[in-house]
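What follows is the residue order along each chain.
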Amino acid sequence: MAEMVATRDVYGKTLIELGRENPDVVVLDADCSQSTRTAWFREKYPKRFFNLGVAEANMIGVAAGLALCGKIPFASTFAIFATARAFEQIRNCICWPKANVKIVATHAGISVGEDGASHQAVEDITIMRMFPNMTVIVPADGIETAKTIHWAASFHGPVYIRLGRAKFPLIFDEDYRFTPGVASTLFEGRDATIIACGLMVSESITAREMLIQEGIEVGIINMSTIKPIDRDAIIRASRATGAIITCEEHTIIGGLGSAVTEVLTEECPVVVKRVGMQDQFGVSGSPRDLLKHFKMSAEYIVQAVREVIGRKKRQ
Amino acid sequence: MAESIRELEDKAKEVRRWIIQMLAEAGSGHSGGSLSCADVVTTLYFKVMRHNPKDPKWLDRDRLILSKGHAVPAVYAALALSGYFPIQDLLTLRRLNSYLQGHPDMLATPGIEVSTGSLGQGLSIAVGMALAGKLDQKDYRVYTILGDGETQEGQIWEAAMAAAHYKLNNLCAFLDFNKLQIDGRVEDVMNIEPVVEKWQAFGWKVLTIDGHKIEEILRAEALSRENKHSPSMIICHTIKGKGVSFMEGVVEYHGVAPTREEAERALAELQ
Ligand SMILES: Cc1ncc(C[n+]2csc(CCOP(=O)(O)OP(=O)(O)O)c2C)c(N)n1
Ligand SMILES: [Mg+2]
C-alpha cells in the first residue's frame, strides 16, 4: 500500500526549502494560510510572508507588484478564490505583463469533500488555461508536487499549480524527474490510453489493474503540465492504441479532457471518453464517496475504458 | 529637469498640447482624464521623481503606476519629453504596431512601469512594489494616480487597507478628483463622498490640494515624505478637460478625441 500524502502538505514543506535557498522567494495568502500550509513558511520567514486578509483580488495585484520589483511571489489560497475571484486580476496584472508570480492553489477539485459546492473548484484549469503566458500544472502526487514547486521558483513567468486537500497515494519515487511540458508515460498500452492528471492518475492505476483481470491493457499518461500540453504524447498514444480516456477531478468543459481532444481533433481523431465533472456542481461528502458519486472512481474509469474500446471495435 | 514653477507650468502646457495632437492624430482616446491629471504627471516626471530616461529599469528609480490607465497620453507625453523615446513617435498612438498602446503596456513602452487599463488594480500593484522596497531596504518611492470614479472599485479599498496595515510610508497616491466619470457626475453615478474621511478612516494621511497648482502639488508631495508610518493620499481637486475651454467639465469628452478643427482651437488656447 502506497504512502498517502496531501499535496498541500508537500507544498508547505517545499516552501520552507525555497525560503532557505532563495531570499527573493516571498509568500502571500488570503487568510487561508493554515489550510494552504503557507503558515509553515511564515513561521520560518515571517518578514517574507504577507497575509492580505480575505481579499484575493488585492493579493494577486500585490503579488504582481512584488514580482515587478524582483521578488518571486508564491500566492496561495483555495483554488476557487485564487482563480475565479481574481480572474481578471490574473489576466491583466500577471499574464499580460508576464509577471513572475506563482499561484499555488490548494483545495482544488471535488476532493475538497465535506465543504461542498461553494468550495470545490472544478473550473480552475479551464480558467487558467485560457490565459496567454500562463503555465498550468497539476501534480499527480506529493513527489511531483515538490518537483514542480522547485521548478516554478526557477522559471521566470506566470505559473499556476493546482493542489488538493485530501491525502492520496504516492505514485512516484524520489528519482522521478519532472520536465515541464513533457507528459510521463507510466504504462504503455495496447487497447486504449488513459490520460489523467492530479489524483485521477492514481485512480487510473487502480483501474488499469482491474482491467488487466479482463485481459484489457491500457496505457497511462500523467499529463501534469496541462499548458503547454504535450501534443506529441497525445498523438503517439492515439496512434498506438486508437482510443483515449481522459480523467480529471474537474469539469470536462475546458479542462484536461478539452485540452486533449483539441489536439486529437486537429491531429488524429480517435474514440474518446472524458471522465470528470459532467457540467455540474459538487456536493458535500467524503472525497472517496464523491469520486464514486460523480462516476470518477476506478470502477467508473474501467467502464469508460470498456465503452471506448467497444466503440473502437464497431468503427 | 525643469526647475522653477514657471518652467513646470510651461512643461504642463506642452504635455497638454501633445495630448491634443496625439488624440487628434489617433482619432480616439481619452481627452478629459488625460488633461485633468497633466499637472500632477508633469510635476512628478520633471521635478519630483528620481528616474533616468537612459536607464528605464534602474533599480533605485521612483515608480509611477498610472492606475487610471486610460489617461496614458499624459504619461506618454511626459516620457517623450523626458527623453525615453522620440517625440514624433507620440503621433503613432493607438496604431497597429505602435509601441504606444491605447492603455499602458509595460512590455511595449520604455518608462511605462505597469500595464493598466482595467480600473481598480493599480493601487494593489503599487502596494506590492512599496512592500518590495521595504524588504530590500531601498529608498525609492512609489506613486500612483487614481481616478475618482475608479475608487468605486472594491479592490481599491482592499489595497487601501493593506497599504495602511503594512505602514507603507513610501507609497504616495494622487486622486484625480475631477468629479466626472463616463456616465455622468461621480456624485450622481455612485457617490464617493466623504472622500477625505474615507481615506483617513482607512489609515492614510490625507492632504487636499488644487491639482492644477504646481506649487501645491510640490508642497503636498514634500509633506508626504514626512510620514513615518502611513501611506499618503493627495486629493487633487481638478477639472476634467482642464486647459481646453470647450472640454472643461464636459462629461462627453471622457472618451472622445478632438476633431482636427477642435484640436486647432485647443492648441491655440494652449499656447
Ligand atoms: C474595471 C473597469 N471597468 C470599466 C472600465 C471602463 N472605464 C474606462 S474609464 C471609466 C471611468 C473612469 O472614471 P474616473 O476614474 O473618474 O476617470 P477620469 O474621470 O479621471 O477619466 C470607465 C468606467 C475600465 N476601464 N475598467
Ligand atoms: Mg473622474
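Residues numbered from 1 in each chain as written. Chains lettered and ligands numbered in written order. Predicted model: local features only at pLDDT ≥ 70, side-chain atom pairs only at ≥ 80, totals over all residues. Heavy atoms only, no water.

How would you summarise the overall build of chain B if you had to cite specific residues and measurements?
Regarding its fold elements, chain B presents 10 helices and five strands. Over its C-alpha trace chain B gives a radius of gyration of 17 Å, about what one expects of a compact globule, namely 18 Å for 271 residues. Each of the three principal axes of chain B carries a C-alpha extent, and together these read 50 × 45 × 35 Å. Taken across its 271 residues, chain B has 58% of its residues classed as buried. Entry remark: accessible area of chain B is about 10,600 Å², with carbon and sulfur atoms responsible for 51%. The centroid of the 30 positive side-chain charges in chain B is displaced by 4 Å from the centroid of its 36 negative side-chain charges. (Helix = DSSP H or I, 4+ residues; strand = E, 2+ residues; numbered from the N terminus. Rg over C-alpha atoms; globule rule 2.2 N^0.38 Å. Buried < 20%, exposed > 50% of the residue type's maximum accessible area, 1.4 Å probe, protein only. Areas by Shrake-Rupley, 256 points an atom, 1.4 Å probe, with all protein chains shown as cover. Lys, Arg positive; Asp, Glu negative; His and termini not counted. Charge placed at Lys NZ, Arg CZ, Asp CG, Glu CD.)

How would you summarise the interface of chain A and chain B if you had to cite specific residues and measurements?
Of the residues lining the interface, 25 residues belong to chain A; the matching set on chain B comes to 27 residues. At the boundary of chain A with chain B, total buried surface from both sides reaches about 2,000 Å², with 67% on carbon and sulfur atoms. Ranking the residues of chain A by area buried against chain B places N58(A), C69(A) and W96(A) at the top, with a combined share of 28%. Notably, a salt bridge pairs K71(A) with D136(B), separated by 2.5 Å at the nearest N-O pair. Put simply, the parts of the chain that give the side of chain A that touches chain B at least two residues each are β3 (49–51), α4 (56–68) and α6 (87–95) of chain A. For the side of chain A that touches chain B, the element with the most residues is α4(A), which contributes nine residues. (Contact = heavy atoms within 4.5 Å. Buried area = accessible area lost by both parts, 1.4 Å probe. Salt bridge = Lys/Arg side-chain N within 4 Å of Asp/Glu carboxyl O.)

Please set out unusual backbone geometry residue by residue, giving values where relevant.
Each neighbour pair has its own omega, and for K227(A) with P228(A) the value is -5°, a cis peptide bond. Structurally, P228(A) can be placed in the loop between β12 (225–227) and α10 (231–241). Cis geometry is found at the peptide bond from E193(B) to P194(B), where omega equals 0°. Structurally, P194(B) is set in the loop between α7 (186–190) and α8 (195–201). Residue R37(A) is not a glycine yet carries a positive backbone phi of 75°. Of note, R37(A) is situated in the loop between α2 (33–36) and α3 (38–44).

Which residues make up the packing of aromatic side chains, and what values go with them?
According to the stated counting rule, one finds 13 aromatic pairs over all chains in the structure shown. Relative to Y166(B), the ring of F50(A) lies with its centre 5.5 Å away and its plane at 80°, an arrangement referred to as edge-to-face. Of this pair, F50(A) sits in strand β3 while Y166(B) sits in the loop between α6 (154–165) and β3 (171–177), which puts the two residues in different chains. Residue classification places F50(A) among the buried positions, given a relative accessible area of 5%. Their ring planes at 45° and their centres at 5.1 Å tell us that F87(A) and F131(A) sit as a pair that is tilted. Of the two residues, F87(A) sits in helix α6 while F131(A) sits in the loop between α7 (124–129) and β6 (135–137), which places them 44 residues apart along the sequence. On the basis of relative accessibility, which here comes to 4%, the residue F131(A) falls in the buried class. Feature note: the residues W157(B), W199(B), F202(B) and W204(B) constitute an aromatic cluster, connected by ring pairs. Taking the ring centre of Y45(A) as reference, the NZ or CZ of R48(A) above it sits at 4.6 Å. In this structure, R265(B) packs its charged tip against the face of F246(B), placed 4.3 Å from the ring centre. (Phe/Tyr/Trp six-rings, centres within 6.5 Å; stacked < 30°, edge-to-face > 60°. Lys NZ or Arg CZ within 6 Å of the ring centre and 35° of its normal.)

Describe the site of ligand 1, naming the residues involved and giving the relevant values.
Residue and element names in this part refer to chain B. Every one of the 17 residues lining ligand 1 counts as a neighbour, but K68, H70, D148, E150 and K240 are closest to it. Between ligand 1 and H70 there is a distance of 2.6 Å, counted from an oxygen atom to a side-chain nitrogen or oxygen. K240 is positioned with one of its side-chain polar atoms (N or O) 2.7 Å from an oxygen atom of ligand 1. If ligand 1 stood free it would expose 580 Å²; the protein chains cover 77% of that surface. (Near = heavy atom within 4 Å. Polar contact = N/O pair within 3.5 Å; in protein donor to acceptor, adjacent residues only side chain to side chain.)

With reference to specific residues and values, describe the sheet that holds strand β10 (residues 192–196) of chain A.
All names here are of chain A. Within the open sheet, the five strands sit side by side as β9-β11-β10-β13-β14. Their pairing is mixed. The open sheet has two edge strands with one neighbour each: β9 (184–187) and β14 (271–277). Taken pair by pair, the neighbouring strands of this sheet meet at an average axis angle of 25°, ignoring direction. Pairing of strand β13 (residues 243–251) with β14 involves six bridges; the strand directions are parallel. (Pairing = 2+ DSSP bridges. Axes fitted to C-alpha atoms, helices over the stretch in contact; angles between N-to-C directions.)

Tell me about empty space enclosed by the protein, and please be specific about residues and values.
All names here are of chain B. All told, the structure shown has three cavities of 30 Å³ or more when counted by the stated rule. Space inside the largest cavity adds up to approximately 120 Å³. Lining the largest cavity are 16 residues; nearest its centre among them are P56, R61, Y84, G111 and E113. Grouping the amino acids of the lining of the largest cavity by side-chain chemistry returns seven nonpolar, three polar and six charged. The space that makes up the second largest cavity amounts to roughly 90 Å³. (1 Å grid on protein atoms, 1.4 Å probe; cavity = no way out; pocket = protein on both sides within 12 Å on 5 of 7 lines; lining within 4 Å. Points joined across faces, edges and corners; volume = space filled by probe spheres on them. Nonpolar A, V, L, I, M, F, W, Y, C, P; charged D, E, K, R; others polar.)

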